[in-house]
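The primary structure of each chain is shown beneath.
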Amino acid sequence: MNYFKYIGGWPFYKIEYYICHSPRLAALMFNLILFGPPGSGKGTQSEKLVDKYGMVHLSTGNLLREEIANKTPLGLEAKKFMDHGQLVPDEVVIGMIDSSIEHHKEAAGFLFDGFPRTVAQAQALDKLLSFKGSEIDLVLALEVSEEELVHRLLNRGKTSGRPDDTNESVIRKRLTVYSNETSPVADYYKKAHKFKAVAGEGSVAEIFAALRQAVDMEMAS
Ligand code: AP5
């Protein structure tokens, strides 16, 4: 997707107003998925990417933890799955994403973090974006070895207060669920020629530079 295709090279901030207010220009939204296993750095890098590109950050993990903190019925139900390293049912997370997209009508694009995690979620996301005349532009997948993932999550568990980070068997369960249920999502986007793997080990700055390069290339194509 090229922001500048129809607008003769204007900088993004000058066209932002038009993107936000014209359905015809909804196609100029830039929608990115940051993909990867638990602990691969999706949350860390998402913060930097939204700062740089101004997309709206939608993390299903964060949304679910907010529901848990607010003790909503949805949160209490989701907690049963999350504490055991299992996925929350598709209909719950798809509904949450649907209302979040609706809530951000003016968004110039979304960064999806931790979603989609099943092929059914990916198909639902395609539909939700198509209602807005938009689509996923790019999927960037952070690749990190299993031992590094376990090390990072156990380390975070010392201070995060996340129940799913404190127990190594729950962490390993999350990795198994990723491999069985979430990795097929990669094939879904490979078939659509939207998938790019990025090395997820190294410094946060190095990884961010590689992600930025991939986003800039896609925006310029
Ligand atoms: P979610 O909150 O999405 O967690 P996750 O995918 O398990 O990922 P994490 O947040 O643990 O890791 P991350 O990749 O964001 O890495 P981070 O940047 O934090 O999901 C939690 C649960 O909610 C799921 O298990 C499921 O139950 C449910 N859920 C969520 N979405 C769902 C969906 N779509 N469908 C169904 N269920 C869903 O980094 C991790 C650690 O590493 C941090 O301490 C960080 O400081 C450190 N770190 C980051 N980068 C580096 C680096 N380069 N070098 C060293 N350390 C680093």
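Residues numbered from 1 in each chain as written. Predicted model: local features only at pLDDT ≥ 70, side-chain atom pairs only at ≥ 80, totals over all residues. Heavy atoms only, no water.

1. Some points on unusual backbone geometry
Part 1 of the reasoning: Residue Phe115 is joined to Pro116 through a cis peptide bond whose omega torsion reads 0°.
Part 2 of the reasoning: Turning to its location among the elements, Pro116 is positioned in the loop between strand S3 (110–113) and helix H6 (119–131).
Part 3 of the reasoning: Of note, His193 is a non-glycine position whose phi angle comes to about 60°, a positive value.
Part 4 of the reasoning: Note that His193 resides in the loop between helix H9 (168–191) and strand S5 (195–199).
Part 5 of the reasoning: Classification of His193 by relative accessible area gives exposed; the value is 74%. (Helix = DSSP H or I, 4+ residues; strand = E, 2+ residues; numbered from the N terminus. Buried < 20%, exposed > 50% of the residue type's maximum accessible area, 1.4 Å probe, protein only.)

2. Let's talk about the packing of aromatic side chains
Part 1 of the reasoning: Scanning the model with the defined rule gives five aromatic pairs in all.
Part 2 of the reasoning: Ring centres 5.8 Å apart and planes at 35° place the aromatic pair Phe110 and Phe112 in the tilted group. In this pair, the class of Phe110 matches that of Phe112, namely buried.
Part 3 of the reasoning: Each member of the aromatic cluster is reached from another via a ring pair, and the members are Phe35, Tyr178 and Phe195.
Part 4 of the reasoning: In this arrangement the basic side chain of Lys52 is found over the ring face of Tyr53, its NZ or CZ atom lying 5.9 Å from the centre. (Phe/Tyr/Trp six-rings, centres within 6.5 Å; stacked < 30°, edge-to-face > 60°. Lys NZ or Arg CZ within 6 Å of the ring centre and 35° of its normal.)

3. Some details on the pattern of salt bridges
Part 1 of the reasoning: Within the structure shown, the criterion is met by 13 salt bridges.
Part 2 of the reasoning: Lys105 is the partner of Glu102 in a salt bridge, and the nearest nitrogen-oxygen pair spans 2.5 Å.
Part 3 of the reasoning: The partner of Asp165 in a salt bridge is Arg174, and the shortest N-O contact between them spans 2.8 Å.
Part 4 of the reasoning: In this structure Asp165 comes out as buried when scored by relative accessible area, which is 0%.
Part 5 of the reasoning: Shared partners join several salt bridges into a network, and the residues in it are Arg156, Arg162, Asp164, Asp165 and Arg174. (Salt bridge = Lys/Arg side-chain N within 4 Å of Asp/Glu carboxyl O.)

4. A closer look at the nonpolar core
Part 1 of the reasoning: If you look at the biggest cluster of nonpolar residues, it comprises 30 residues, and the most contacted ones within it are Ile101, Phe112 and Leu125.
Part 2 of the reasoning: Of all the secondary structure elements, the ones that give two or more residues to this core are strand S1 (32–35), strand S2 (56–59), helix H4 (73–82), helix H5 (90–103), S3, H6, strand S4 (138–143) and H9.
Part 3 of the reasoning: Contacts of Phe112, omitting those with residues within four sequence positions, involve Leu32, Ile33, Leu34, Leu58, Ile97, Ile101, Leu125, Leu129 and Ile136. (Core = buried A, V, L, I, M, F, W, Y, C linked by side-chain atoms within 4.5 Å. Contact = heavy atoms within 4.5 Å.)

5. Looking at the pairing of S3
Part 1 of the reasoning: Here S3 shows no split at all, with Phe110 and Phe112 on one side and Leu111 and Asp113 on the other all buried.
Part 2 of the reasoning: Pairing geometry for S1 and S3, over three bridges, is parallel. Looking at the pairing, Leu34 lines up with Asp113 of S3.
Part 3 of the reasoning: Examined bridge by bridge, S2 and S3 share four bridges and lie parallel to one another. (Pairing = 2+ DSSP bridges.)

6. Looking at the side chain of Gln45
Part 1 of the reasoning: Turning to its location among the elements, Gln45 is positioned in helix H2 (residues 42–53).
Part 2 of the reasoning: The class of Gln45 is buried, set by a relative accessible area of 2%.
Part 3 of the reasoning: In this structure Gln45 touches Leu34, Leu142, Val204, Ile207, Phe208 and Leu211, once residues within four positions along its chain are discounted.

7. What to know about the packing of H5 against H6
Part 1 of the reasoning: Between H5 and H6, the least distance of the axes is 10 Å, while the angle of their chain directions is 25°. Taken together, the axis directions place H5 and H6 in an arrangement best described as roughly parallel. H6 is crossed by H5, and the crossing has right-handed handedness. Contact with H5, carried on its side by Asp90, Val93, Ile94, Ile97, Asp98 and Ile101, involves Ala120, Gln121, Ala124, Leu125, Leu128 and Leu129 of H6 and no other residues of that element.
Part 2 of the reasoning: Grouping the amino acids of the contact of H5 with H6 by side-chain chemistry returns nine nonpolar, one polar and two charged. (Axes fitted to C-alpha atoms, helices over the stretch in contact; angles between N-to-C directions. Parallel < 35°, antiparallel > 145°, perpendicular 65-115°, else oblique. Left-handed = near helix turned anticlockwise from the far one by under 90°. Nonpolar A, V, L, I, M, F, W, Y, C, P; charged D, E, K, R; others polar.)

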